[in-house]
Amino acid sequence: HPALNQDMLGNLLTECQTQEIDTFIYYSVAWDKHIEAENPEWLCLTKDGQPIAHEIWNFICLNSPYKREVAFPQIKELLRLYADRGVLGYWLDMCWMPPEGCYCQFCQRKFQLEYGLSIFDANDTDRLAFVSRSVRDFIEEVKRVIKKDDPGLLVAHNQIWLTGRPLYVDPAPDVLRVGEYDDQW
């Protein structure tokens with residue numbers, strides 16, 4: 001934050017490391033008012049071309065240049081700055097695209113290339129598969145970025161249902177875990 005005159009996250013991670021407290025770094029995906037204002041063409045859009053919002057937030061499309069120009073560089077910076085802080089992994093919040101579909105120019109182009117028809121003509125099954133695969137592709141790409149130099153880092157995210165993974169994996173009481181974690185603990 002521009003008003004901070006200290007590295008608040010770095011200080012917090014250092015103290016947690018001193019206290020032997022395990023930490024994850026939180027990263028908010030696709031909700032960013034600054035990016036939204038600078039790049040309105042990156043927003044998820046309805047069929048009518050209106051931004052898709054949740055409360056006060058408009059969603060940034062995961063198929064837009066956002067991931068390459070903003071998310072991945074910011075995550076790489078976090079990895080570089082805090083590599084020595086004993087971080088267990090990263091929590092990626094809002095790895096999401098609207099199930100009803102995004103009709104931005106990037107989704108239109110990608111859908112046309114993958115399906116050979118306009119996203120406006122898609123049936124519900126193909127549209128939801130496209131949304132699910134777009135989220136899964138983003139998650140897999142960001143996992144490669146995070147694990148490139150340290151394969152032991154854990155990656156967690158919400159919206160697991162969009163990736164096609166079950167909500168619970170091996171529901172025995174001693175290993176119950178919510179399926180939002182890509183890595184076994």
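Refer to the structure above for everything that follows.
Residues numbered from 1 in each chain as written. Predicted model: local features only at pLDDT ≥ 70, side-chain atom pairs only at ≥ 80, totals over all residues. Heavy atoms only, no water.

Colleague: For this particular structure, what's the right way to read the packing of helix H3 (residues 66-81) against helix H5 (residues 124-147)?
Modeller: In a pair of packed helices, the angle between the axes and the distance between the axes together describe the arrangement. Orientation of H3 relative to H5, taken along the N-to-C sense of each, is 35 degrees, at an axis distance of 10 Å. Handedness of the crossing formed by H3 with H5: right-handed. Residue-level inspection shows Lys-67, Arg-68, Phe-72, Ile-75, Lys-76 and Leu-79 of H3 in contact with H5, the latter providing Phe-138, Glu-141, Val-142, Val-145 and Ile-146. (Axes fitted to C-alpha atoms, helices over the stretch in contact; angles between N-to-C directions. Helix = DSSP H or I, 4+ residues; strand = E, 2+ residues; numbered from the N terminus. Left-handed = near helix turned anticlockwise from the far one by under 90°. Contact = heavy atoms within 4.5 Å.)

Colleague: For this particular structure, what's the right way to read the environment of Cys-95?
Modeller: Locating Cys-95 in the fold gives a position in the loop between strand E4 (87-93) and helix H4 (105-115). Through-space distance from the C-alpha of Cys-95 to that of Ser-134 is 10.0 Å; in sequence the pair is 39 residues apart.

Colleague: Before we go on, may I ask you to explain the sheet that holds strand E5 (residues 154-157) in this structure?
Modeller: Overall, parallel pairing links the three strands, which are arranged E1-E4-E5 in an open sheet. What marks the edges here is a single partner per strand, and that holds for strand E1 (23-28) and E5. Neighbour-to-neighbour, the strand axes of this sheet turn through a mean angle of 25 degrees, independent of strand direction. Those strands touched by H3 are E1 and E4, and its axis lies near 160 degrees from that of E1. Its contacts with the sheet place H5 against E4 and E5, and it is angled at close to 150 degrees to E5. (Pairing = 2+ DSSP bridges.)

Colleague: When you look at the packing of aromatic side chains in this model, what are you seeing that I'm missing?
Modeller: Evaluated as defined, the whole model comprises seven aromatic pairs. A centroid spacing of 5.1 Å and a plane angle of 0 degrees characterise the contact between Trp-31 and Trp-57, whose relative ring orientation is stacked. Of this pair, Trp-31 sits in the loop between E1 and helix H2 (33-38) while Trp-57 sits in strand E3 (residues 57-58), and the two are 26 residues apart along the sequence. Overall, Trp-31 belongs to the buried group, its relative accessible area being 18%. Where Trp-31 meets Phe-59, the ring centres are 5.4 Å apart and the plane angle is 50 degrees; that geometry is what we call tilted. In this pair, Trp-31 is assigned in the loop between E1 and H2 and Phe-59 in the loop between E3 and H3, connecting sequence segments 28 residues apart. Here Trp-31 and Phe-59 have matching classes, each one buried. (Phe/Tyr/Trp six-rings, centres within 6.5 Å; stacked < 30°, edge-to-face > 60°. Buried < 20%, exposed > 50% of the residue type's maximum accessible area, 1.4 Å probe, protein only.)

Colleague: Explain the pattern of salt bridges to me, please; I cannot follow it from the model alone.
Modeller: A pair can form between side chains of opposite charge whenever their charged atoms are brought close. Considering all chains together, one arrives at eight salt bridges under this definition. Glu-141 is the salt-bridge partner of Lys-67, the closest N and O atoms lying 2.9 Å from each other. Of this pair, Lys-67 sits in helix H3 while Glu-141 is found in helix H5, placing the two residues 74 residues apart along the sequence. Among the ionic pairs, Arg-68 bridges to Glu-141, the shortest N-O distance being 2.7 Å. You can see Arg-68 sitting in helix H3 and its partner Glu-141 sitting in helix H5, a full 73 residues away along the chain. The buried category is assigned to Glu-141, whose relative accessible area is 13%. (Salt bridge = Lys/Arg side-chain N within 4 Å of Asp/Glu carboxyl O.)

Colleague: Mind showing me how you'd approach the side chain of Lys-147 here?
Modeller: Assignment of secondary structure puts Lys-147 in helix H5. A distance of 2.6 Å separates a polar side-chain atom of Lys-147 from the backbone oxygen of Leu-153. (Polar contact = N/O pair within 3.5 Å; in protein donor to acceptor, adjacent residues only side chain to side chain.)

Colleague: What's the story with H3 in this structure? I'm lost.
Modeller: Two residues of an α-helix separated by three or four positions point the same way, owing to the 3.6 residues in each turn. In this model H3 runs 21 Å from its N-terminal to its C-terminal C-alpha over 16 residues, within 8% of the 22 Å that 1.5 Å per residue would give. Residues of H3 that are buried: Tyr-66, Lys-67, Val-70, Ala-71, Phe-72, Ile-75, Leu-78 and Leu-79. On its buried face, H3 is in contact with helix H1 (8-18), E1, H2, E4 and H5. (Expected span 1.5 Å × (residues − 1).)

Colleague: How should the side chain of Asp-93 be read in this particular structure?
Modeller: On the secondary structure map, Asp-93 appears in strand E4. Buried within the structure, Asp-93 lacks any salt-bridge partner; Lys-33 is the closest side chain of opposite charge, at an N-O distance of 15 Å. Residue contacts for Asp-93: discarding those within four places in its chain leaves Tyr-26, Tyr-27, Ser-28, Val-29 and Asn-158. (Lys, Arg positive; Asp, Glu negative; His and termini not counted.)

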